[in-house]
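Summary of structural features
What follows is the residue order along each chain.
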Amino acid sequence: MRFALALSLFAALASAAVTAAANAHVDTRPQVSIVANAHSFAATGLRNLHAGYVDVTVRDAGPLTHGAGLIRLDDPGMTPARAAKIIAGDNLPAHLGFTLLGGVPQLSHGQSWHGAFKLTPGRYVFFDDGENGKGMMRPFTVGAATGTSAPPRAVGTVELRDFAFVWHLPKNWNGRGIVEVPNRGAEIHELTFIKVHNQAEARKWSAILAKGYPQGPPPKGDPMTFAACGQSPGQTSWVKLHLEPGIYLAVCLFPDPKTHKPHTALGMLSTITVR
Ligand SMILES: [Cu+2]
């Protein structure tokens, strides 16, 4: 009897484990991998994509820095080349004709970025607008939804607003986990972390960035962690972060069309401590 009870208990535990595993698989998403080589993108997972959430990994395998921003081409006449030209220009028109979903603006050789997006049906392109990009683009299309999918489970949220970051992260956040980054403003925003060595350096760089784009070299080392590049209003990305303990400036360096200053000069500048 006792043995039978133990067995049925074990069975109940096993079925609980199976249920937990099944729940964990509810948020299984298609996986897209983008590898930036010296002069081209290699991609897997872009064929037969359907509307819903998708996980994206970007890796820079080339010798130069590369980025991979994701845009949806909304207007019928909008092409990847036209969109890239508009983005590279100094003044963005009020009507873009495309939507910026985010992504990573810059990776060095060997670095990776992990994130997730919610895709609606349409035409898309991953593009590298960095100076080394030379128009590197990878177009793809997304069809109608064929099932349901869920966004990644996030440890917290960093809201992008006009013009501030609003933080909803765990107390004593350890710098790790997937962070939800919604743009709740009316402007395009981005999110970058800059590691500084101490509070004095944080104050120094905050004062510089509150005035405009910095002149001269950035803080020593490799201090930049790019979380989200340009994201249109209403767009959300989910970014996997792994920030080492330390002090960081969170900045939006997107240019304000009126003043030509970065959004840090308008208030998108925070100091956060990772423990
Ligand atoms: Cu901004």
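Below you will find a few notes about this structure. Since this is a predicted model, take the numbers as computed values, not measurements.

Surrounding the copper ion are the protein donor atoms H189 (ND1), C252 (SG), H263 (ND1) and M268 (SD), at 2.0 to 2.5 Å. The coordination sphere of the copper ion comprises 4 donor atoms, whose angles at the metal cover 84 to 139 degrees; the geometry is irregular. In primary-sequence terms, the residues that donate to the copper ion follow H-x62-C-x10-H-x4-M. Here the residue H189 occupies a position in strand β13 (residues 189–196), and M268 occupies one in the loop between β16 (246–251) and β17 (269–274), the gap between them amounting to 79 residues.

The next point concerns the nonpolar core. With 56 residues, the main nonpolar core has F98, L119 and L191 as its most contacted residues. Among the elements that take part in this core, strand β6 (residues 98–107) stands out by supplying 5 residues, more than any other. With near-sequence residues (within four places) excluded, F98 lies in contact with I71, R72, L73, D74, M78, A83, I86 and I87.

Before going further, it helps to spend a moment on unusual backbone geometry. Excluding glycine, residues mostly have negative phi values, and the peptide bonds linking residues are mostly trans. Going from D162 to F163, the amide bond is cis rather than trans, its omega being 0 degrees. Position of F163 among the secondary structure elements: in the loop between β10 (156–161) and β11 (164–168). Of note, N172 is a non-glycine position whose phi angle comes to about 55 degrees, a positive value. Within the secondary structure, N172 is located in the loop between β11 and β12 (176–182).

For strand β15 (residues 236–242), the buried fraction is high: 5 of the 7 residues fall into the buried class. Sheet topology places strand β7 (residues 112–119) next to β15; 3 bridges connect them, and they run antiparallel. Within the sheet, the bridge partner assigned to F117 lies in β15 and is S237.

A separate point is the environment of G135. Secondary-structure assignment places G135 in the loop between β8 (122–127) and β9 (137–143). Since its relative accessible area comes to 44%, G135 is described here as partly exposed. The spatial distance from the C-alpha of G135 to the C-alpha of H39 is 9.0 Å, given a sequence separation of 96 residues.

What follows deals with the packing of aromatic side chains. Applying the stated rule across the entire model yields 7 aromatic pairs. Judged by centre distance (5.5 Å) and plane angle (80 degrees), the rings of Y53 and W238 are edge-to-face. Taken together, the residues Y53 in strand β4 (residues 52–60) and W238 in strand β15 connect sequence positions 185 residues apart. Among the residues examined, W238 registers a relative accessible area of 6% and is labelled buried. Members of the aromatic cluster, connected to one another through ring pairs, are F165, W167, F193 and Y248.

A few words on the pattern of salt bridges. It is possible for side chains of opposite charge to pair when their charged atoms get near one another. If you walk through the whole model with that rule in mind, you get 4 salt bridges. In this structure, R29 engages D55 in a salt bridge whose closest nitrogen and oxygen atoms are separated by 2.7 Å. With R29 in the loop between α1 (2–26) and β1 (31–36) and D55 in strand β4, the pair connects residues that are 26 residues apart, well separated along the chain. A salt bridge links R184 to E159, with the shortest nitrogen-to-oxygen separation between them at 3.3 Å. Separated by 25 residues along the polypeptide, R184 in the loop between β12 and β13 and E159 in strand β10 bring together distant segments of the chain. Residue classification places R184 among the partly exposed positions, given a relative accessible area of 45%. Ionic contacts of the salt-bridge type, sharing partners, join the residues E159, R161 and R184 into one network.

Glancing now at the environment of R29. By relative accessible area, R29 is classed as buried at 11%. With 122 residues separating them along the chain, R29 and P151 place their C-alpha atoms 8.2 Å apart. Setting aside anything within four residues of it in sequence, one finds R29 in contact with Y53, V54, D55, A150, P151 and P152. There is a polar contact of 2.7 Å between the side chain of R29 and the side chain of D55.

Below, the discussion takes up helix α3 (residues 199–209). Residues spaced three or four apart along an α-helix face the same direction, because each turn holds 3.6 residues. When α3 is considered as a whole, its buried residues turn out to be E201, A202, W205, S206 and L209. The buried residues of α3 occupy one face: seen down the axis, they fall within an arc of 135 degrees. Among the structural elements, β13, β16 and β17 are those in contact with the buried residues of α3. At the N-terminal end of α3, a side-chain oxygen is found 3.2 Å from the backbone nitrogen of A200, two or three residues along, and the residue is N198.

Scoring rules and cut-offs
Residues numbered from 1 in each chain as written. Predicted model: local features only at pLDDT ≥ 70, side-chain atom pairs only at ≥ 80, totals over all residues. Heavy atoms only, no water. Donors = N, O, S within 2.8 Å, 3.2 Å for Na, K, Ca; no water. Tetrahedral: all angles 85-135°; square planar, octahedral: opposite > 155°, others 65-115°. Helix = DSSP H or I, 4+ residues; strand = E, 2+ residues; numbered from the N terminus. Core = buried A, V, L, I, M, F, W, Y, C linked by side-chain atoms within 4.5 Å. Buried < 20%, exposed > 50% of the residue type's maximum accessible area, 1.4 Å probe, protein only. Contact = heavy atoms within 4.5 Å. Pairing = 2+ DSSP bridges. Phe/Tyr/Trp six-rings, centres within 6.5 Å; stacked < 30°, edge-to-face > 60°. Salt bridge = Lys/Arg side-chain N within 4 Å of Asp/Glu carboxyl O. Polar contact = N/O pair within 3.5 Å; in protein donor to acceptor, adjacent residues only side chain to side chain. Arc of directions from axis to C-beta.

Keep in mind that these numbers describe shape and distance, not what the molecule does.
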